[in-house]
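The primary structure of each chain is shown beneath.
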Amino acid sequence: WLDKTSRPDFELQRRMGFFQVLVIAAFLILTLRLWHLQVLEGDRYEVLSKSNRLRLRIEEGCRGLIVDRNGEVLARNRPSFDVFITPRDVSDLNAICRCFSQFLKVNPGELARQMEEGRGCPDEPILVKRDIDEAAMVALQERKHELGGVTLRLRPLRFYPRGDFATHLLGYVSEINPRQLLREENRDFRFGERIGQGGVEGAYDALLRGVEGGEQVEVDASGHETRGLGRI
């Protein structure tokens, strides 16, 4: 009678023992893996994490053309360059201030204020100046090895070949204002994006507006781009 009742207990203990061995083995494997990553490979991964970071750079879509009944273009786009600075990647703020003051006519105090406001989101690029001229663009490109965290972005800018012709009919394009952002139809817009205002630009904005894209780039510890990883 004792043998019959002890068999289930012995079987349960055997299974529990086997389960404990599995748990201990899994714990040892995990401990060895962590030791391998932190001790043997720790220095290599630390270098990789510091020297290689990814950035997603938004690219504004090209706005559609407006033509008259004869096919003559009344509104098109021209290329322009904007200057951005990413606070986390700034290596020498004094050098950047000197360069911006000389070539962009940007007040160092204003730049310092923008940097302070950007501390909450250090990975978010801050717009410094829009549509710089060719001389300023060349100067920044020549000094880009000194200006860690500074990037130039190409974007399409609205251009009207016939100047002030029929401006009241064509309308214009500008940044969306806070009042417009509150409207339900503009819920997909972000602050700083541009929208058609008045005339054809406003009435057909949904049709004319381009599709936003982006590019993922890899940057080093100084904020300099090392390679592109993908573009839409």
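For the structure itself, look to the data block above.
Just so you know, these numbers come straight off a predicted model, no measurement behind them.

What counts and how
Residues numbered from 1 in each chain as written. Predicted model: local features only at pLDDT ≥ 70, side-chain atom pairs only at ≥ 80, totals over all residues. Heavy atoms only, no water. Helix = DSSP H or I, 4+ residues; strand = E, 2+ residues; numbered from the N terminus. Buried < 20%, exposed > 50% of the residue type's maximum accessible area, 1.4 Å probe, protein only. Contact = heavy atoms within 4.5 Å. Areas by Shrake-Rupley, 256 points an atom, 1.4 Å probe, with all protein chains shown as cover. Arc of directions from axis to C-beta. Polar contact = N/O pair within 3.5 Å; in protein donor to acceptor, adjacent residues only side chain to side chain. Salt bridge = Lys/Arg side-chain N within 4 Å of Asp/Glu carboxyl O. Pairing = 2+ DSSP bridges. Phe/Tyr/Trp six-rings, centres within 6.5 Å; stacked < 30°, edge-to-face > 60°. Lys NZ or Arg CZ within 6 Å of the ring centre and 35° of its normal. Axes fitted to C-alpha atoms, helices over the stretch in contact; angles between N-to-C directions. Parallel < 35°, antiparallel > 145°, perpendicular 65-115°, else oblique. Left-handed = near helix turned anticlockwise from the far one by under 90°. Nonpolar A, V, L, I, M, F, W, Y, C, P; charged D, E, K, R; others polar.

Caption draft 1: View of the overall build of the protein. Of regular secondary structure, the protein possesses nine helices and nine strands. The proportion of buried residues among the 232 residues of the protein is 30%. Across the protein, every contact between residues at least 6 apart in sequence was considered, and the portion connecting residues at least 24 apart equals 68%. Summed over its atoms, the accessible surface of the protein is roughly 16100 Å², and 57% of this surface lies on carbon and sulfur atoms.

Caption draft 2: Local environment of helix α5 (residues 134-142). All of the buried residues in α5 are Ala136, Met137, Ala139 and Leu140. Down the axis of α5, the buried side of the element spans an arc of 165°, and every buried residue falls inside it. Among the exposed residues of α5, those oriented more than 90 degrees off its buried face are Glu134, Ala135 and Glu142. Elements in contact with the buried residues of α5: β3 (73-85), α3 (93-103) and β5 (150-159). The N-cap of α5, judged by a side-chain oxygen 3.3 Å from the amide nitrogen of Ala135 a few residues on, is Asp133.

Caption draft 3: The arrangement of unusual backbone geometry in detail. The phi torsion at Asp131 lies on the positive side, around 50°, for a residue other than glycine. Asp131 gets classed as partly exposed once you look at its relative accessible area, which sits at 30%. Notably, Ala166 is not glycine yet its phi reads approximately 50°, a positive angle. Along the chain, the position of Ala166 falls in the loop between β5 and α6 (167-170). The class of Ala166 is buried, set by a relative accessible area of 17%.

Caption draft 4: Representation of the environment of Gln180. One can find Gln180 in helix α7 (residues 178-181). Relative accessible area serves as the criterion here: at 7%, Gln180 is assigned to the buried category. C-alpha of Gln180 to C-alpha of Ile195: the two residues are 15 residues apart in sequence and 9.6 Å apart in space. Excluding its chain neighbours within four sequence positions, the residues that come into contact with Gln180 are Asn186, Ile195 and Gln197.

Caption draft 5: A look at the pattern of salt bridges. Tallied over the entire structure, the rule returns 13 salt bridges. For Arg158, the salt bridge is made with Glu201, and the minimal N-O distance between the two is 2.8 Å. On the criterion of sequence distance, the pair formed by Arg158 in strand β5 and Glu201 in helix α8 (residues 199-203) is long-range, its members being 43 residues apart. On the accessibility criterion, Arg158 (12% relative accessible area) is buried. A salt bridge links Asp205 to Arg209; the shortest N-O distance between them is 2.5 Å. For Arg209, a relative accessible area of 37% gives the class partly exposed. Connected through salt bridges with shared partners, the residues Arg63, Arg158, Glu201, Asp205 and Arg209 form a single ionic network.

Caption draft 6: Seen up close, the pairing of β5. Burial within β5 is extensive, with seven of its 10 residues counted as buried. Pairing analysis gives 10 bridges linking β3 to β5, with the strands arranged antiparallel. Paired with Asp82 across the two strands is Arg153, which belongs to β5.

Caption draft 7: A look at the packing of aromatic side chains. Applying the stated criterion to the full structure yields zero aromatic pairs. Its guanidinium or amino end placed over the ring of Phe84, Arg153 lies 4.2 Å from that ring's centre, counting from NZ or CZ. When the ring centre of Phe165 is taken as reference, the NZ or CZ atom of Arg162 above it lies at 3.9 Å.

Caption draft 8: The arrangement of the pairing of β3 in detail. In the sheet, strand β2 (residues 66-67) pairs with β3 via two bridges, with the strands oriented antiparallel. Along β3, the bridge assignment pairs Ile66 with Ala75. The hairpin formed by β2 and β3 contains five residues between the paired strands, and Gly71 there has a positive phi angle of roughly 85°. For β3 and strand β4 (residues 126-129), the ladder comprises three bridges, and the chain directions are antiparallel.

Caption draft 9: Structural view of the packing of α3 against helix α4 (residues 108-117). It is at 9 Å that the axes of α3 and α4 come closest, and there the two elements cross at 130°. Accordingly, the angle class assigned to the pair α3 and α4 is oblique. Of the two possible hands of crossing, α3 and α4 adopt the one that is right-handed. On α4, the residues that touch Leu93, Ile96, Cys97, Phe100 and Ser101 of α3 are Pro108, Leu111 and Met115. Looking at the contact of α3 with α4 residue by residue, the class counts come to seven nonpolar, one polar and no charged.

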